[in-house]
Amino acid sequence: MSSKLYGQMRASSSLLKRLKQNPWLFQWSRSFTTMEGHRPTMVHKRSLDILHDPWFNKGTAFTMTERDRLDLRGLLPPNVMSTEQQIERFMADLKRLEVQARDGPSDPYALAKWRILNRLHDRNETMYYNVLIANIEEYAPIVYTPTVGLVCQNYSGLFRRPRGMYFSAEDRGEMMSMVYNWPADQVDMIVVTDGSRILGLGDLGVQGIGIAIGKLDLYVAAAGINPQRVLPVMIDVGTNNEKLLKDPLYLGLQRHRLDGDEYIAVVDEFMEAVFTRWPHVIVQFEDFQSKWAFKLLQRYRTTYRMFNDDVQGTAGVAIAGLLGAVRAQGRPMIDFPKQKIVVAGAGSAGIGVLNAARKTMARMLGNNESAFESALRQFWVVDANGLITDERENIDPDALPFARKIKEIHRQGLREGASLVEVVKQVKPDVLLGLSAVGGLFSKEVLEALKDSTSTRPAIFAMSNPTKNAECSPEEAFSVVGDNIVFASGSPFKDVDLGNGHVGHCNQGNNMYLFPGIGLGTLLSGSRIISDGMLQAAAECLAAYMSEEEVLKGVIYPSISSIRDITKEVAAAVIKESIEEDLAEGYREMDARELRKLSQEEIGEYVKNNMWSPDYPTLVYKQD
Ligand SMILES: NC(=O)C1=CN([C@@H]2O[C@H](COP(=O)(O)OP(=O)(O)OC[C@H]3O[C@@H](n4cnc5c(N)ncnc54)[C@H](O)[C@@H]3O)[C@@H](O)[C@H]2O)C=CC1
Ligand SMILES: CC(=O)C(=O)O
Ligand SMILES: [Mg+2]
């Protein structure tokens, strides 16, 4: 105890008296003076308990040695901040909010709403999910696209309390033990990203954890996964975003991304660690750059319960929408293989959609090799370098099957690298689908060209996220191409008033209609892996969800207000398929044999009964 403080205490007889009567006050004063004297403070807690205790929490300022001593490694972003930096980060964020509230995005208060919801999430999960579920239409655009994009872009400023785990390149060799720093013994769902391609916003490094949190919010709200059993994960292998590399307040590793075998070794170690601690967990890969999205999917999909949402979830949602667009023309779904489809964007999402659409067409055409080959003639793929043909040098192997033969293309009046507008003019497609991350790519000229479509009802899918990356808005589409189109976008837009009491319907074509059901169905079936058949069953279920009357009105996806119901149906379809493929091993007391005995209706009940609802449980105190 410092002599100065001791002297002050002696001088205060009333304080001494109070100290004698209240020993805890004495303890407090001792710990205060020891802190003054830089002697350690004893704490009787570790891990998240420390971070959730405002008395002891230092947040991002915990040093690495303290993080190891207190079981905090992995529970905080890896860059250790000084006190000054912490304050600077907070102040910079506060200022940013003021600017955004003045002249920010379309909803200037979106970020402020996110903060308020996030604070509630930190304080009271049951209430948070109650609010989210009851107001899903209003708040999905806040916790998910588009606002989650803004949140990720500003995450280093917004970060307050940790949520989820960070496995960084600096944690190599430690992951198997640090996974035990997570307090929950049971984890059902992990959403993991490496932050390399967040929505259409590019490499956001460690800040991409926001997307994993947003996706898991939908897992809880739509699929009824217990919020205590979800885990958002960031694998921080560095960033190639030069702005973040130069920003002293950036919370992630400030080094260029690991690549090649070093990168794979980190992801391998993470997968091994989480499946060792939680053998039944399901891992959703989210927003990995295409370079790794396909490779990691192939690497893990036959050994682990995992899927890639951008490749596989998006594909299923697109197939459901494409089949809806055929029905909206008043034609049977079986006419799908006759559709001419121009796809702008050949990344993880675009190629995922193309592969699934090709397979669906091939199945409808007889499911043989020639059907598989002839289906390819229905697609024209345009990327940043224009139309992809077999004349293209250094073609991405995943895009190769969709490269058009140059002779055929010349006959159509096209060439290698032809622009999107040229392609639309020559092909006159039934469908124009964008997964390019380029806002406004479907320019007035492109949309004008689509007016010559040979379809009775052209379909436009502007699927890139967030809102500013949409290839066009519904207003632009309806006003240029005409009232008789089908329109879908990845982020939500309002319906368009076409005048005379008519409404141009804006569908939200987003993988949120499938991933929660794929996860829930896999969990409740206890399927060993997530097969193509299970994903196909999910897509078909979504396609069949819309009534004839709805699709004829151009409504090809459900309203988000029914997301819990559609998720339940999708989960049931996934379970049924996993039983048929003999992959289901059961879940808890519902073993594989019992599962096989369930009727369609009983599977539906089983799903419903296992969905978590935000009701306060009765609490009983138990001493240690
Ligand atoms: N609606 C939904 O459910 C989903 C939407 N997305 C969105 O799709 C977009 C793309 O995602 P990824 O495929 O993973 O990205 P990516 O970066 O792997 O691929 C982007 C592709 O667009 C191409 N591209 C760039 N400029 C172009 C141009 N001017 N014209 C034509 N193509 C161009 C690139 O060459 C590349 O092939 C993102 O905005 C993402 O938010 C992704 C998954 C789901
Ligand atoms: C929706 C989604 O997964 C994406 O834009 O990446
Ligand atoms: Mg994604």
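About the criteria used
Residues numbered from 1 in each chain as written. Chains lettered and ligands numbered in written order. Predicted model: local features only at pLDDT ≥ 70, side-chain atom pairs only at ≥ 80, totals over all residues. Heavy atoms only, no water. UniProt positions renumbered as here; feature names shortened; annotations may be inferred. Axes fitted to C-alpha atoms, helices over the stretch in contact; angles between N-to-C directions. Helix = DSSP H or I, 4+ residues; strand = E, 2+ residues; numbered from the N terminus. Parallel < 35°, antiparallel > 145°, perpendicular 65-115°, else oblique. Contact = heavy atoms within 4.5 Å. Nonpolar A, V, L, I, M, F, W, Y, C, P; charged D, E, K, R; others polar. Near = heavy atom within 4 Å. Polar contact = N/O pair within 3.5 Å; in protein donor to acceptor, adjacent residues only side chain to side chain. Areas by Shrake-Rupley, 256 points an atom, 1.4 Å probe, with all protein chains shown as cover. Pairing = 2+ DSSP bridges. Expected span 1.5 Å × (residues − 1). Buried < 20%, exposed > 50% of the residue type's maximum accessible area, 1.4 Å probe, protein only. Donors = N, O, S within 2.8 Å, 3.2 Å for Na, K, Ca; no water. Right-handed = clockwise from strand over helix to strand, strands pointing away.

Going by the annotation in an unreviewed UniProt entry, the name recorded for the protein chain is Malic enzyme, with Parasponia andersonii given as the source organism. The record in UniProt for the protein chain states the following under Catalytic activity (unreviewed entry): "(S)-malate + NAD(+) = pyruvate + CO2 + NADH".

1. Let's talk about the packing of helix H16 (residues 290–300) against helix H18 (residues 348–364)
Where H16 contacts H18, the axes come no closer than 9 Å and their chain directions differ by 45 degrees. One element, H16, and the other, H18, form an angle in the oblique class. Residue-level contacts link Ser290, Ala293 and Phe294 of H16 to Ser348, Ile351 and Gly352 of H18. Per-class residue counts for the contact of H16 with H18 are 3 nonpolar, 3 polar and no charged.

2. Things to note about the site of ligand 2
Taken together, Tyr144, Arg197, Leu199, Lys215, Glu286, Asp287, Asp309, Asp310, Asn465, Asn510 and Asn511 make up the full set of residues near ligand 2. With respect to ligand 2, the side chain of Asp287 contributes an N or O atom lying 2.9 Å from an oxygen atom. Note that an oxygen atom of ligand 2 is positioned 3.0 Å from one of the side-chain N or O atoms of Asp310. Here ligand 2 loses 91% of its free accessible area of 220 Å² to cover by the protein chains.

3. Points about the sheet that holds strand S6 (residues 341–344)
If you trace the 7 strands from one edge of the open sheet to the other, you get S8-S7-S6-S9-S10-S11-S14, paired in mixed fashion. Each edge of the open sheet is held by one strand with a lone partner, namely strand S8 (386–387) and strand S14 (506–508). Set on the sheet, helix H17 (residues 309–328) makes contact with S6, strand S9 (431–434), strand S10 (459–462) and strand S11 (486–489); between it and S10 the angle comes to about 155 degrees.

4. With respect to helix H15 (residues 260–277)
Along its 18 residues, H15 runs 27 Å from first to last C-alpha, staying within 8% of the 26 Å computed at 1.5 Å per residue. Those residues of H15 that sit buried are Tyr263, Ile264, Val266, Val267, Glu269, Phe270, Met271, Ala273, Val274, Phe275 and Arg277.

5. What to know about the coordination of the magnesium ion (ligand 3)
For the magnesium ion (ligand 3), the full set of protein donor atoms is Glu286 (OE), Asp287 (OD) and Asp310 (OD), and the range of their distances to it is 2.0 Å. The sequence motif formed by the donor residues of the magnesium ion (ligand 3) is E-D-x22-D. In this pair, the class of Glu286 matches that of Asp287, namely buried.

6. Here we look at the pairing of S9
Burial along S9 is two-sided: the residues Val431 and Leu433 and Leu432 and Gly434 are all buried. The pairing of S6 with S9 spans 4 bridges and is parallel. Bridge pairing in S9 links Ile341 to Val431. Examined bridge by bridge, S9 and S10 share 4 bridges and lie parallel to one another. Bridge pairing in S10 links Leu433 to Phe461. After leaving S9, the chain enters helix H22 (residues 444–450) and then returns to the sheet as S10, a path that is right-handed.

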